[in-house]
Amino acid sequence: MSSFATRQLPDHPDVAAPDGSDVRILVGTERGNMAHFSLASGKTSKPIAHRTVDEVWYCVGGSGEMLRKDGEGEQVVELIEGTSLTIPVGTHFQFRAGSEGLQAVGVTMPPWPGEDEAVFVEGVW
């Protein structure tokens with residue numbers, strides 16, 4: 001049997017992420033998985049850090065801002081369609097959506113292990 005996976009973007013979220021964004025689960029392998037994240041217009045995520053996973057994001061629609069903070073500094077990045085960014089393990093991050101909402105596709109490596117992965121941290125928004 002093949003290990004190929006295929007899935008269309010679901011019409012409705014599969015789950016709410018610990019940060020408060022809506023998650024539509026896409027495909028994955030033993031080494032990583034992919035999901036579509038959305039945050040409604042004007043909403044702000046809860047600030048979190050990941051215990052064991054890295055994430056790579058690609059913005060596919062809307063706009064917003066992402067705060068990333070680690071032991072070496074912090075950065076706020078404008079999120080618009082076409083922006084990609086990394087969230088290394090342990091990075092504190094928080095994001096907020098602009099007037100059109102925010103949509104991104106993220107890859108988690110290794111695959112998301114469960115709700116205990118996210119640690120709530122102090123945010124700025």
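Higher on the page you've got the structure.
Since the model is a prediction, treat every value here as computed from it, not as a measurement. (Residues numbered from 1 in each chain as written. Predicted model: local features only at pLDDT ≥ 70, side-chain atom pairs only at ≥ 80, totals over all residues. Heavy atoms only, no water.)

Enquirer: Explanation requested: the overall build of the chain in the structure shown.
Expert: Looking only at helices and strands, the chain features zero helices and nine strands. Taking 14 Å as the expected radius of gyration for a compact globule of 125 residues, we find that the chain reaches 14 Å, a close match to that expectation. When its C-alpha atoms are laid out on the principal axes, the chain stretches across 50 × 30 × 25 Å. Buried residues in the chain amount to 38% of all 125 residues. Counting only contacts in the chain whose residues sit at least 6 apart along the sequence, the fraction spanning at least 24 positions is 68%. Of the accessible surface of the chain, which amounts to about 7500 Å², a share of 51% is contributed by carbon and sulfur atoms. Between the mean site of the 9 positive side-chain charges and the mean site of the 18 negative ones, the chain shows a separation of 3 Å. (Helix = DSSP H or I, 4+ residues; strand = E, 2+ residues; numbered from the N terminus. Rg over C-alpha atoms; globule rule 2.2 N^0.38 Å. Buried < 20%, exposed > 50% of the residue type's maximum accessible area, 1.4 Å probe, protein only. Contact = heavy atoms within 4.5 Å. Areas by Shrake-Rupley, 256 points an atom, 1.4 Å probe, with all protein chains shown as cover. Lys, Arg positive; Asp, Glu negative; His and termini not counted. Charge placed at Lys NZ, Arg CZ, Asp CG, Glu CD.)

Enquirer: It is not clear to me how a nonpolar patch on the surface should be interpreted in this structure. Could you clarify?
Expert: Taken together, the side chains of Val76, Val124 and Trp125 present a nonpolar region at the surface, about 260 Å² in accessible area. By the element assignment, tryptophan 125 lies in the segment after β9 (118–120). Assessed through its relative accessible area of 33%, tryptophan 125 is described here as partly exposed. (Patch = residues over 30% accessible without salt bridge, like charges linked within 9 Å, V, L, I, M, F, W, Y side chains within 5 Å. Salt bridge = Lys/Arg side-chain N within 4 Å of Asp/Glu carboxyl O.)

Enquirer: What exactly am I supposed to notice about the environment of aspartate 19 here?
Expert: Tracing the sequence through the fold places aspartate 19 in the loop between β1 (15–16) and β2 (22–28). With relative accessibility at 5%, the residue aspartate 19 sits in the buried group. Apart from residues lying up to four places away in sequence, aspartate 19 is in contact with Ser45, Lys46, Ile48, Phe93 and Phe95. Reaching out from aspartate 19, the side chain makes a polar contact with the side chain of serine 21 at a distance of 2.7 Å. (Polar contact = N/O pair within 3.5 Å; in protein donor to acceptor, adjacent residues only side chain to side chain.)

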